[in-house]
Structures are given as C-alpha cells and as structure tokens.
Amino acid sequence: AVFALWRFAALLRHPRLHWKYVRRMKRIPDVAVPVLFSERMLWRKLFDRDPDFVTFSDKLACKRWIAERLPGLPVPRVLWEGERPEDIPPELIRPGVAIKANHGSGFNLLIRDAPPPREQVVATARRWLAKDWGRRRGEWSYAQVPRRVFVEELVGPGPEDPPGARLLDIKIHAGGGRVGFSVSLATAEDGRRCGVVHDEAGRRLSEPDMPLPEMPEAEPLPETLAAARDAARVLSREVDYARFDFLAVGRRLYAGEITVFHLAGYREFGALFGSAMGPVWNLRHSWPMRHAAEGGWLWRAYAAALSRALPR
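Here is a short report on the structure shown in this document. (Residues numbered from 1 in each chain as written. Predicted model: local features only at pLDDT ≥ 70, side-chain atom pairs only at ≥ 80, totals over all residues. Heavy atoms only, no water.)

## A word on the packing of helix α1 (residues 2-13) against helix α10 (residues 297-309)
As a packed pair, α1 and α10 sit with axes 10 Å apart at the nearest point and diverge in direction by 115°. For the element pair α1 and α10, the recorded crossing hand is left-handed. Between α1, through V2, F3, L5 and W6, and α10, the contact on the second element is made entirely by L298, W299, A301, Y302, A305, L306 and A309. Across the contact of α1 with α10, the residue classes break down as 11 nonpolar, no polar and no charged. (Axes fitted to C-alpha atoms, helices over the stretch in contact; angles between N-to-C directions. Helix = DSSP H or I, 4+ residues; strand = E, 2+ residues; numbered from the N terminus. Left-handed = near helix turned anticlockwise from the far one by under 90°. Contact = heavy atoms within 4.5 Å. Nonpolar A, V, L, I, M, F, W, Y, C, P; charged D, E, K, R; others polar.)

## Here we look at the layout of surface pockets
The probe, sized like a water molecule, is rolled over the atoms to show the empty space still left. Here the largest pocket is characterised by a volume of approximately 1000 Å³. Together, 45 residues line the largest pocket, and N108, D169, K171, D245 and E257 are the ones closest to its centre. If one sorts the elements of the lining of the largest pocket by residue count, strand β10 (residues 252-259) sits on top with 5 residues. Class assignment of the residues belonging to the lining of the largest pocket gives a composition of 21 nonpolar, 9 polar and 15 charged. (1 Å grid on protein atoms, 1.4 Å probe; cavity = no way out; pocket = protein on both sides within 12 Å on 5 of 7 lines; lining within 4 Å. Points joined across faces, edges and corners; volume = space filled by probe spheres on them.)

## Quick notes on the pattern of salt bridges
When the charged atoms of two side chains lie near each other, side chains of opposite charge can form a pair. Tallied over the entire structure, the rule returns 24 salt bridges. Two residues, R7 and D30, come together in a salt bridge whose shortest N-O distance is 2.9 Å. In this pair, R7 sits in helix α1 while D30 sits in the loop between α2 (15-25) and α3 (37-47), placing the two residues 23 residues apart along the sequence. Assessed through its relative accessible area of 34%, R7 is described here as partly exposed. E86 is the salt-bridge partner of R84, the closest N and O atoms lying 3.2 Å from each other. Overall, the relative accessible area of 28% leaves E86 in the partly exposed class. Connected via shared salt-bridge partners are R84, E86, D87 and R126. (Salt bridge = Lys/Arg side-chain N within 4 Å of Asp/Glu carboxyl O. Buried < 20%, exposed > 50% of the residue type's maximum accessible area, 1.4 Å probe, protein only.)

## Focus: α2
Listing the buried residues of α2 in full gives L17, H18, K20, Y21 and M25. Looking straight down α2, one finds its buried side chains confined to an arc of 165°; they lie on one side. Contacts made by the buried residues of α2 are with α1 and α3. (Arc of directions from axis to C-beta.)

Structure (structure tokens):
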C-alpha cells in the first residue's frame, strides 16, 4: 500500500519526467522500488537532494572538493575564472587551453592550434551562461550552481611521455568506497572515438551494448588504471554512487569531474550492472534514506518499506 501510494504521488507530481522516461526507455519505471540503473537515476532526480550533488555539478567547486580529499592527485590547472566572458584575458585565448563553463555538460572550447577570434569565444561563453542546463531532464543540481566561465590548462602528451602516448578519459563507477566497472576512452589515429571496459579488479570486459568500438588505443597502463580505481574508492566514500572521471597520459593521472546523472539516467548496463555495479550502488546509503527520520510520516513509512524491499 505504501509503494502504491508513493508511485501515484510521484506520477502526479512529476508527470513530465515519467513520460520522458517512458519515451526514452520504452518501459514504465518503478520509482517506489527502483532496481534498474535507469530507475535508480530517475529516483535520484525525483527524491534525492544531497547537497553534495550541487558541489559535484560545479566544475570549479568539484576541483576544490577533490583536492581536499586527495591533495596529492593533480587536477588540470585553472588559469582564470570569472562571471563575465568579456573579462577573459586576451593572452589566455591561445593554444594549450580549454575555455569552459562550470554549470553543465559540453560547455567546452578546446584550443589546440590556432585560436578562434576573441569575439567568437566571448559569444560562445555567453550562450553557455544563458543556458539552464539539466532542467528538461530533471538534473536539478545544475540549476543551483553559480555560473562562471574559466580557462583551464589542457592536459596532453608531453616530452616526458613514451612515444605514441595518448590522452585517455577514464570513467569509474563507484559508491560507498567500492568500485564497479570503468570505461576508458581515447581518440584513435583515424579520429574515431574508441573505448574499453574493465571490471573492479582491472580485468578487461566486453559489453555488447557499448556504443563505441573496442580498440587497444584506449587501453590504460595497469598501474594507471589501478591508481584511478584507488582514487575513486577514496572519493566515493561519502556518496552512494557517482561516476568519477580521470584524465591519464602514460603514468600521469589527473582528477577530472564527478557526475551524478550518468548519461541523464537513460542507460542500462545489462549483465554488467548486475555483476559489477549492483553491489556498488546501495540506495540505503543515499542522502534521503540516511535522513529519513527528518521527513514526514509518508516518507518515513516509505523509507522503512524500501529498506526492507531492496536486495541485500
């Protein structure tokens, strides 16, 4: 009865997100007892207001949060930050930097070769700041981030790296100090994006639904991947689940971003989630479940029922 009432109340209060889920995932979600990854993501959007999610959604605040917990792990250096794109120092619009906005995804202008005109950079950054990221998909934490533009030093192969070294983007799914699987991404010589998947022990996996081709160019060094997993274990101790991103070149590892709405929640991992991710994301450790005693009678009753219903 509690779950039926909860499903009905959630549908009345959030019909748009329910309908968007049905259109994208071709199924009706269970927001009372979420089991699938996409259902848990929708549950997070509707009910989880962990204040740390705002910190993680802010690219600048996230850097500081990581540095406090892993001071020995380098992060890409911020050269300038401010609220007005027109205040970006002209000398910083040059090769070797990335110009970004801190409050959303995809707000990146990477300058590797000839820089674009300053007017174009300013106009692009203004469009970023005007965009209310995440509202349509229910990613509520982005709306609470104070919007800023910043210039960041690009990470890439250097003279100290072995010949042919590539920049890798390592994404590790972890929660409660436990690591699930990781996806390493790179750009192949022909310009295509490629990736490989590893389990919690660093063994290579093969996921049939992976949208990118599996190629050795994305294979990180074992010690680099191990260091990223160790860092993710430390960083994930305070959150029930998140995706922890790192940048790697050879043996050099840099902290990246923390994502709490992986692919906006419209993704399933099939057998991978059940075997490598299922034990990682424990909803009992989520912020609303840990603060259930502070809620109203319906929330307390629901939280108690959910705790009993979730898999052990």
